[in-house]
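Given next are the chains, with one letter for each unit.
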Amino acid sequence: MNSSWQTEILAVFRKEWRTEVRSMSGLITAFLFSVVTVYAISFASLNEKLKGTVIAGMLWVALLFSAASSLTRTFVAEEEMGTADLLRLVARPHAVFWGKSLFNIVQCVFTSSLLSIMFLGFTSAKVPIPWLFAVSLVAGCMALAGAVTLCGAIAAQASNRSMLAAAISVPLLLPLVGIGVSCMRISLGDGSLSAGGTSYVVGLIGYAGLTLATGPYLYAVVWKT
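Here's what I pulled together on the structure shown here.

Conventions and cut-offs
Residues numbered from 1 in each chain as written. Predicted model: local features only at pLDDT ≥ 70, side-chain atom pairs only at ≥ 80, totals over all residues. Heavy atoms only, no water. Helix = DSSP H or I, 4+ residues; strand = E, 2+ residues; numbered from the N terminus. Buried < 20%, exposed > 50% of the residue type's maximum accessible area, 1.4 Å probe, protein only. Contact = heavy atoms within 4.5 Å. Areas by Shrake-Rupley, 256 points an atom, 1.4 Å probe, with all protein chains shown as cover. Polar contact = N/O pair within 3.5 Å; in protein donor to acceptor, adjacent residues only side chain to side chain. Expected span 1.5 Å × (residues − 1). Disulfide = S-S within 2.5 Å. Salt bridge = Lys/Arg side-chain N within 4 Å of Asp/Glu carboxyl O.

**Structural notes on the overall build of the protein chain**
Working step 1: Within the protein chain, the secondary structure is distributed over nine helices and zero strands.
Working step 2: In sequence order, the secondary structure elements of the protein chain are arranged as α-α-α-α-α-α-α-α-α.
Working step 3: Among the 225 residues that make up the protein chain, the fraction classed as buried is 47%.
Working step 4: Counting contacts in the protein chain only where the partners sit at least 6 residues apart, residues at least 24 apart contribute 84% of the total.
Working step 5: Entry remark: accessible area of the protein chain is about 11,000 Å², with carbon and sulfur atoms responsible for 70%.

**Observations concerning the side chain of Ser112**
Working step 1: Looking at the secondary structure, you find Ser112 in helix H6 (residues 93–123).
Working step 2: Polar side-chain contacts of Ser112 include one of 2.7 Å to the backbone oxygen of Cys108.
Working step 3: The residues touching Ser112, leaving out its near neighbours within four places in the chain, are Leu63, Leu137 and Cys141.

**Points about helix H7 (residues 130–155)**
Working step 1: Here H7 is 26 residues long and its end C-alpha atoms lie 37 Å apart, about the 38 Å a rise of 1.5 Å per residue gives.
Working step 2: The element H7 is largely enclosed, with a buried count of 19 among its 26 residues.

**Here's the deal with the state of the cysteines**
Working step 1: What the rule picks out here adds up to zero disulfides.
Working step 2: With no disulfide of its own, Cys108 lies closest to Cys141 among cysteine sulfurs, the gap being 3.6 Å.

**Digging into the pattern of salt bridges**
Working step 1: On inspection of all chains with the given rule, the structure shows one salt bridge.
Working step 2: Arg92 is paired through a salt bridge with Glu8; the nearest N and O atoms lie 3.0 Å apart. Taken together, the residues span a long stretch of sequence, with Arg92 in the loop between helix H5 (84–90) and H6 and Glu8 in helix H1 (residues 3–23) at a distance of 84 residues.
Working step 3: Classification of Arg92 as partly exposed rests on a relative accessible area of 31%.
Working step 4: Here Glu8 falls in the buried class, since its relative accessible area comes to 17%.

**Some thoughts on the environment of Ser113**
Working step 1: Within the secondary structure, Ser113 is located in helix H6.
Working step 2: A C-alpha to C-alpha distance of 7.8 Å links Ser113 and Leu137, two positions 24 residues apart in sequence.

Here you go:
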């Protein structure tokens, strides 16, 4: 990647970072949703010993809705504030997509790490394979950020953009959730690492790579319309 691409991507990332620092809308939305979700799940499972599969499923539900409620805003907000045309003048579509995806990955990893700490603390869950849990969390965040950013980019110019982004994200996120839950449950002791744990990690990383690699080209088509 040459310096001009790096400059454009970092410029878009800095723009998103400064916008978020001023408003804190995405982080606050994700944080409040995470707190409510963790509290509700913890209250529902009070005094219950949960299996790793159940914990992984609950945690991924929280991660999924936390990401969906905040990550689509990066493209949707551009259209709502009327700054999308200006962005088209100063950067190429691929750089815009990667810059916003990079910001969403950072935001998703931060909020998901905080959510996981609260979730594991409230449920008193044990993590027998910490490295696999951490890898599955980061890889899952990358895949989530790539998929949700792509959906937000495609739906940004529609009149019902928020609803459309949620609708088109369903077929993309269903296989991701399946892989993510399977990987995380093994890290929580429900399953054997030799029985497919590494393949699930590879699947998450491959899914993230696929969305982040094809997303800019799909967005470039929308960009020109």
